[in-house]
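Examining the three-dimensional arrangement
Listed below are the residues making up each chain.
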Amino acid sequence: MAKKKNGVSGKTHTQAQLDNYANQHNPNNKAYKANKQNQRAQKNKKAPYVDDFDYSGFGPFYWD
């Protein structure tokens, strides 16, 4: 079974891109902590139900 490679290649990315990737995947970095905190906040947020359908063209309904 082939081993899965993690990370990004230095041959296809600039040093700034490599640094950004490393910062986002380092648990001691504030970018990593901020990302995790944002993910938790989004996971816990529930979207309100909005019924924005226009029912004015319908009715009255008569069922047989």
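Refer to the structure presented above.
Residues numbered from 1 in each chain as written. Predicted model: local features only at pLDDT ≥ 70, side-chain atom pairs only at ≥ 80, totals over all residues. Heavy atoms only, no water.

1. A closer look at the overall build of the protein
The line we're drawing: Helical segments are the DSSP runs of H or I of at least four residues, strand segments are the runs of E of at least two, and each set is numbered from the N terminus. Exposure categories follow from relative accessible area, calculated using a 1.4 Å probe and restricted to protein chains: below 20% of the type maximum is buried, above 50% is exposed, and the middle band is partly exposed. Computed with a 1.4 Å probe, the accessible areas rest on the Shrake-Rupley method; for each residue, only the protein chains presented here act as cover.
A count of helical and extended segments in the protein gives two helices and zero strands. Counting every position in the protein, which comprises 64 residues, the buried fraction comes to 2%. For the protein, the accessible surface area stands at approximately 6800 Å², while carbon and sulfur atoms represent 52% of it.

2. Comments concerning the side chain of Asn29
To keep things clear, this is the line we draw: The definition of a polar contact used here is a pair of N or O atoms within 3.5 Å, where within protein one atom must be able to donate a hydrogen and the other to accept one, and adjacent residues in sequence count solely through side-chain atom pairs.
With respect to the helices, strands and loops of the structure, Asn29 is situated in the loop between helix H1 (15-24) and helix H2 (30-44). Judged by its relative accessible area of 18%, Asn29 is buried. At 2.7 Å, the side chain of Asn29 and the backbone nitrogen of Ala31 are in polar contact.

3. Some remarks on the environment of Lys36
Along the chain, Lys36 turns up in helix H2. In this structure Lys36 comes out as partly exposed when scored by relative accessible area, which is 32%. The spacing of Lys36 and Gln24 is 12 residues in sequence and 9.7 Å in space, taken between C-alpha atoms.

4. As for the environment of Tyr21
Position of Tyr21 among the secondary structure elements: in helix H1. Take Tyr21: its relative accessible area is 29%, and that puts it in the partly exposed class. Separated by 14 residues in the primary sequence, Tyr21 and Gly7 have C-alpha atoms spaced 7.8 Å apart.

5. Observations regarding the environment of Ala31
On the secondary structure map, Ala31 appears in helix H2. For Ala31, a relative accessible area of 33% translates into the label partly exposed.

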